[in-house]
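# Coordinates in review
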Amino acid sequence: MSRTPLLLPTSLKRLAASTKRGGYQVYMETFGCQMNEYDTELVRSIMKARGFQFTPVDEEADVILFNTCAIRENAHNRLYGHLARYKARKKERGLVIGVLGCMAQNLKQELLETRSWIDVLVGPDAYRRLPDLLTDALEHQRRGLAVDLSEYETYAQIVPDRGNGVNGWIAVMRGCDNFCSFCVVPYTRGRERSRDPEGILEETRRLVSQGVRQITLLGQNVNSYRSGAWSFAHLLVAVADVPGIQRVRFTSPHPKDFPQALLEAVAEHPMICNQIHLPLQSANDRILERMGRGYTRREYLHLVEAIQKKGPIVLTTDLICGFCGETDEEFQETYDLVKEMQYQAAFVFKYSERKHTIAARKYSDDIPEPVKGYRTNEIIELQKEISLQKNHALIGSKVDVMIEGDAKKSHRQWMGHTEHNVTVVWPKDGGQELPGDLVSISIHDATPSTLYGTAHSSCSVD
Ligand code: SF4
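Values in this document were obtained by computation on a predicted structure and should not be read as measured data. (Residues numbered from 1 in each chain as written. Predicted model: local features only at pLDDT ≥ 70, side-chain atom pairs only at ≥ 80, totals over all residues.)

## A short note on the overall build of the protein chain
This is how the line gets drawn: Secondary structure elements are defined from DSSP: runs of H or I of at least 4 residues count as helices, runs of E of at least 2 residues count as strands, and each element is numbered from the N terminus. Radius of gyration means the value over C-alpha atoms here, while the globule rule gives 2.2 Å times the residue count to the 0.38 power. With C-beta atoms placed from the backbone, a residue counts as buried when 20 or more other C-beta atoms lie within 10 Å of its own, as exposed when 12 or fewer do, and as partly exposed for counts between those limits.
When you go through the protein chain residue by residue, the secondary structure sums to 15 helices and 21 strands. A compact globule built from 462 residues would reach a C-alpha radius of gyration of about 23 Å, and the protein chain, at 23 Å, matches this within 12%. Based on the C-alpha atoms only, the size of the protein chain along its principal axes is roughly 70 × 60 × 45 Å. In the protein chain, which comprises 462 residues, the proportion classed as buried is 40%.

In structure tokens:
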């Protein structure tokens, strides 16, 4: 029969202190995409249900958690920097340190072997086990590991613990079956699973009752959503029909299986924003093939043509520069297509090899770093010019903006986004407007990323 070990003196001290404060205090940092932010809300909810408390001050914490991202090199480096800093503090104060998410899943062996001060490693499908593992680490100084991938886990019954605000995010599916050769997501988040639509609609209604007016539906490959007879287009329309919702967005769809019904939903439903994030990655067919993207340049352009026929729908994209074997000419094709496409915005990344991916096994990461850097900067600069021109063209016009909250630089200014997801900043005029209101803003200045204006009057949202 196994017996619970006696508490060690440090654990006893910590337990006594935490009991006094009403529970163990947790400080948590999140890296990476919106999906990770959403997972942090799930983790907070799971942990609070078991008596843990969250603090924004790391010095007050018994537990330090990092919810990590494995997609890019700089997210790795940031985590390693943070871990090194907390190693010293752990010695002084006996902290428990946990790494969650994609890096815990993908680099478990390396992290366990090289960072002996990590106490708990938990992958994206095992968050329900986190409270037990942390309690074990806090009270019995046992190291915990939970990195099983699940075919079923969608955290459907967990109500995410979110802050206030008019923006709400809902993960409608998890995982990805596409296996793009550069991407680690299928290995860190497992196979595709969709949530049941009723749970998603219930979550939408609850968010509306909490003051949310703008919903973004999230999925690694969101248009693969399927639950019984429900497609993603069907779900999107049902969410947009929920009373009280003013705007619905989604990210990210895959260009290889973008259905006509989804395009029609975007073009026709007044609450679905006329903006589509359509990752291109490369405009060269040989590189697209190596990336395993499942579409050619021509097919991508064909889809863009179909989108443009539907009306003024704005496109944004993702691009990778310096993928394995990319020649100057192949890069030039991407550069030229970005110029032609005139995206509203582009997220441009320098290729960095990720362990366990198809590209890491099959191709050589052979583009020198300076060349990768040069190509990345070239496209970033080009896109900045395009975004600036587009934003400049709006000077003198009025745009409808949802108030989201104070501007970053001044609480005397509001910040919000246009339907096309461009940031707008304007002075508060002492009126009655509140976050969630739609207002008309006259634009008088622009940068590549932000429009500046003055409030006009409230817009009708009916
Ligand atoms: S679609 Fe490709 S890039 Fe996107 S998550 Fe899946 S494998 Fe990664």
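## Considerations on the environment of Ser252
Rules: Each residue gets a C-beta atom placed from its backbone, and two residues are in contact if those atoms lie within 7 Å.
Following the sequence through the fold, Ser252 ends up in the loop between β13 (247-251) and α10 (260-268). Residue classification places Ser252 among the buried residues on the basis of 21 C-beta atoms within 10 Å. Each C-alpha atom of the pair Ser252 and Val26 lies 31 Å from the other, and the pair is 226 residues apart in sequence. Not counting chain neighbours up to four residues away, the residues in contact with Ser252 comprise Val222, His277 and Pro279.

## With respect to the domain arrangement of the protein chain
Note the threshold: A domain assignment, automatic or from a database, supplies the domain bounds used here. Classification used: nonpolar for Ala, Val, Leu, Ile, Met, Phe, Trp, Tyr, Cys and Pro, charged for Asp, Glu, Lys and Arg, polar for all others including Gly.
Domains assigned within the protein chain are domain 1 (9-146), domain 2 (170-271), domain 3 (274-387) and domain 4 (398-458). Its C-alpha centre places domain 1 at a distance of 35 Å from the equivalent point of domain 3. On the side of domain 3, five residues touch domain 1, which itself brings five residues to the contact. Among the residues making up the side of domain 1 that touches domain 3, the classes are represented as two nonpolar, one polar and two charged.

## A word on the sheet that holds strand β16 (residues 345-350)
Cut-off, in case you're wondering: Note on pairing: two strands pair once DSSP finds at least 2 bridges between them. A fitted line through C-alpha atoms serves as each axis, taken over the contacting stretch for helices, and the angle formed by two N-to-C directions is quoted from 0 to 180°.
Taken in spatial order, the three strands make up an open sheet running β14-β15-β16, and their pairing is parallel. The sheet is open, and its two borders are formed by β14 (275-277) and β16, each paired with just one other strand. For this sheet, the mean inter-axis angle between neighbouring strands, taken without regard to orientation, is 10 degrees. Across six bridges, the pairing between strand β15 (residues 314-321) and β16 is parallel. Counted as the bridge partner of Cys321 is Lys350 from β16.

## Here's the deal with unusual backbone geometry
With omega at -10 degrees, the peptide bond leading from Thr251 into Ser252 counts as cis. Within the chain, Gln281 stands out as a residue other than glycine whose phi angle is a positive 70 degrees. Mapping Gln281 onto the fold places it in the loop between β14 and α11 (285-291).

## Things to note about the environment of Met103
The topology assignment puts Met103 in helix α4 (residues 102-106). Overall, Met103 belongs to the buried group, with 27 C-beta atoms counted inside 10 Å. Remark: the alpha-carbon pair of Met103 and Val237, spanning 134 residues in sequence, is separated by 34 Å.

## Details of helix α12 (residues 297-309)
The following threshold applies: Here a helix's expected span is defined as the number of its residues, less one, multiplied by 1.5 Å.
The first and last C-alpha atoms of α12 sit 18 Å apart over 13 residues, in line with the 18 Å expected at 1.5 Å per residue. Immediately beyond the C-terminal end of α12, within one or two residues, lies Gly311, with a positive phi of roughly 130 degrees.

## Re the site of the ligand
Note the threshold: Each residue receives a C-beta atom placed from its backbone. It is near a molecule or strand if this atom lies within 6 Å of it.
Lining the immediate surroundings of the ligand are Cys176, Asn178, Phe179, Cys180, Cys183, Val185, Pro186, Gln220, Asn221 and His254. For the shell around the ligand, the per-class residue count stands at six nonpolar, four polar and no charged.

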